[in-house]
Amino acid sequence: MTPKSKHMFSRAQHRIPGGVNSPVRAFQSVGGHPRFIKSGQGCRIRDIDGHTYIEYLGSWGPLILGHCHPKIKAALQKQISLGTSFGASTESEVVLAEMIADALPSIDKVRLVNSGTEATMSAVRLARAFTGRHKIIKFDGCYHGHVDSLLVKAGSGVATLGLPDSPGIVPQDSNYTISVPYNDPDTLEDVLNRNRSEIAAVILEPVAGNMGAVLPAKGFLQRLRKLTREHGALLIFDEVITGFRLSYGGAQQLLKVKPDITCLGKIIGGGLPIGAYGGHREIMKWVAPEGPVYQAGTLSGNPLAVAAGIATLKVLKKASNYSKLERMTQNLVSGLQKAADQAGVTVRINTIGSMFTIFFNDSPVTDFTSAKTSNTGSYGKFFHALLKKGFYFPPSQFETSFVSLAHTGNDIKATIQAARTAFDALAE
Ligand SMILES: *Cc1c(COP(=O)(O)O)cnc(C)c1O
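Residues numbered from 1 in each chain as written. Predicted model: local features only at pLDDT ≥ 70, side-chain atom pairs only at ≥ 80, totals over all residues. Heavy atoms only, no water.

**Q** Provide a residue-level description of the side chain of Thr 415, including the pertinent values.
**A** Residue placement: Thr 415 occurs in helix α14 (residues 409–427). A polar side-chain atom of Thr 415 sits 2.7 Å from the main-chain carbonyl oxygen of Asp 411. If we skip the residues at most four places from it in the chain, Thr 415 touches Ile 54, Tyr 56, Leu 332, Phe 391 and Phe 393. (Helix = DSSP H or I, 4+ residues; strand = E, 2+ residues; numbered from the N terminus. Polar contact = N/O pair within 3.5 Å; in protein donor to acceptor, adjacent residues only side chain to side chain. Contact = heavy atoms within 4.5 Å.)

Dropping the structure here:
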C-alpha cells in the first residue's frame, strides 16, 4: 500500500542518519515507516505512493495558512525573480521587523535568525550578558530547540543540577541549567531563592507545545513575571510555536503577560527557515553591532523567508481569522471527545486556539510528569488507524496538532467520522 515510501525509507537510511533530517519524522514512537511527501495543497498532503491525507501537522507549526497558499506562492515567485540572497540589507527585513514589533508590544527591536534553535540560543546568550549571570531556569518538557544548554530536563530532584539529555554536551553547559516542573511556581520560587543573584533568565513556552499541548494554569505566568522581576532575572517567552498562532500578538497578548525577550520562528517564515528574538530596546542594544553580544548569520533575514513571512502575517492580521481557527478547533475537539466517550476510550484533550493534543490518559495533563503517564501504545494505534484512512496526525503522543485556515467544516466532519471508527477499533 505504501511500497514507494517503504523503499525510499530504506534508501534514506543508507545515507541519512535514521533516514530523516529531524528525529521526530522517523515514526519511532508510533512504529511503522514514515511516508515520503511529494506535495501539499491547503490542508492536504500527498505521498509518493499517491495517497492523500488531511493533515494536522502544519509542518510542525509554520503552515497556519495551509500548503501552497496563493499569497505566499506569489510573494515567493516575485522574490525568486529578484534574487534569493544578497548578504546585504533589504527593505523587506525592515518591514518584517516593523510588523513583528507592531504585533508584540514587548518587542522594540528584533533580530532575524534562521531557526527557532538559533533564536533561543541567542536569547540565552543575550540574557547572560545583560544580567552578568550564568544560570538559567527552564521547565521539564519544554523544548527550545537543540541548544546545548537547553537540552536539559530535571534530574532526580528538582533544583538539582541538570543532566544532559544528549551525550556530547559538556557538563559546564548543563550545569548552569536548572529544570523545574511546569505549572509549579512554588518550586520555581524555591530555586530562585536558593540561587540568589545567579539566575540570568527563566525561559519557557508560555503555552507548552512540546510535551503535547499543556496549558499554563491560571496565574502561573503572572507569578513567573512577578518572581523574575523580584530576582532580577529576565523572563524569556519561547513563542516559536505560539507566536502568531494563539493570536496575532501570540500567547503574551492572549494571556496578558509581557516577557523581557521573545523568541519567534515557524509561522513568521511562512514555511521557510526562520527564527527571531526581540525585546525591550535597553536589552536589545546589547546585540552586535549596537553592543558587544556577538550573533550573526550568512542567510539571516533571507529574502525568501522574509517574503513568505510578510505574506503570512498580512493574511493573519484579519482578527476574524483567529476566531475562525478557534471555532473550527473547538468543533473538532468536541467531536473527537464525543467519539472517544461513545467508544468508551478515555482521553483528555488539551486545547487552546488552534492547538490541541489528544492524550490517552484518564487524569488531567498539566506537566511533563502527567503527560508521560499517557498510553503511547494507544496513541500509536489511533495514529495508524487514522493514517490508513487518510488523516495525518503528529507521529507522537507528545506533540501538538494544529488546525489551519485551510481546514473546512467538511474536513473537520470527515476527521471526526474517521476518528470514531479508530476509537471503536481501540475499544475492542
Ligand atoms: C520548534 C521549536 C523550536 C526550535 O525551532 P527550530 O526552527 O526547529 O530550530 C524552539 N522552541 C519551540 C517552542 C519550538 O516548538
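Back to the write-up after that little detour.
**Q** Residues and numbers for the pairing of strand β8 (residues 177–180), please.
**A** Side-chain alternation along β8 places Thr 177 and Ser 179 on one buried face and Ile 178 and Val 180 on a second face that is also buried. Relative to β8, strand β5 (residues 135–139) runs parallel, the two being bridged by 4 bridges. Paired with Lys 138 across the bridge in β8 is Ser 179. (Buried < 20%, exposed > 50% of the residue type's maximum accessible area, 1.4 Å probe, protein only. Pairing = 2+ DSSP bridges.)

**Q** Which residues make up the site of the ligand, and what values go with them?
**A** Lining the immediate surroundings of the ligand are Ser 115, Gly 116, Thr 117, Tyr 143, His 144, Gly 145, Glu 205, Asn 210, Asp 238, Val 240, Ile 241 and Lys 266. Within the backbone of Gly 116, an N or O atom sits 2.8 Å from an oxygen atom of the ligand. A distance of 3.4 Å separates a nitrogen atom of the ligand from a polar backbone atom of Tyr 143. For the ligand, the accessible surface in isolation is 380 Å², of which the surrounding protein chains cover 83%. Residues belonging to the shell around the ligand are distributed by class as follows: 3 nonpolar, 6 polar and 3 charged. (Near = heavy atom within 4 Å. Areas by Shrake-Rupley, 256 points an atom, 1.4 Å probe, with all protein chains shown as cover. Nonpolar A, V, L, I, M, F, W, Y, C, P; charged D, E, K, R; others polar.)

**Q** Requested: an account of the domain arrangement of the chain, with residues and values cited.
**A** Domain parsing of the chain yields domain 1 (3–68 + 319–427) and domain 2 (70–316). Contact with domain 1, which involves 30 residues of that partner, is made by 31 residues of domain 2. Here domain 1 and domain 2 share 0 salt bridges between them. Applying the counting criterion to the domain 1 and domain 2 interface returns 11 residue pairs in polar contact (both at pLDDT 80 or more). (Domains from an automatic or database assignment. Salt bridge = Lys/Arg side-chain N within 4 Å of Asp/Glu carboxyl O.)

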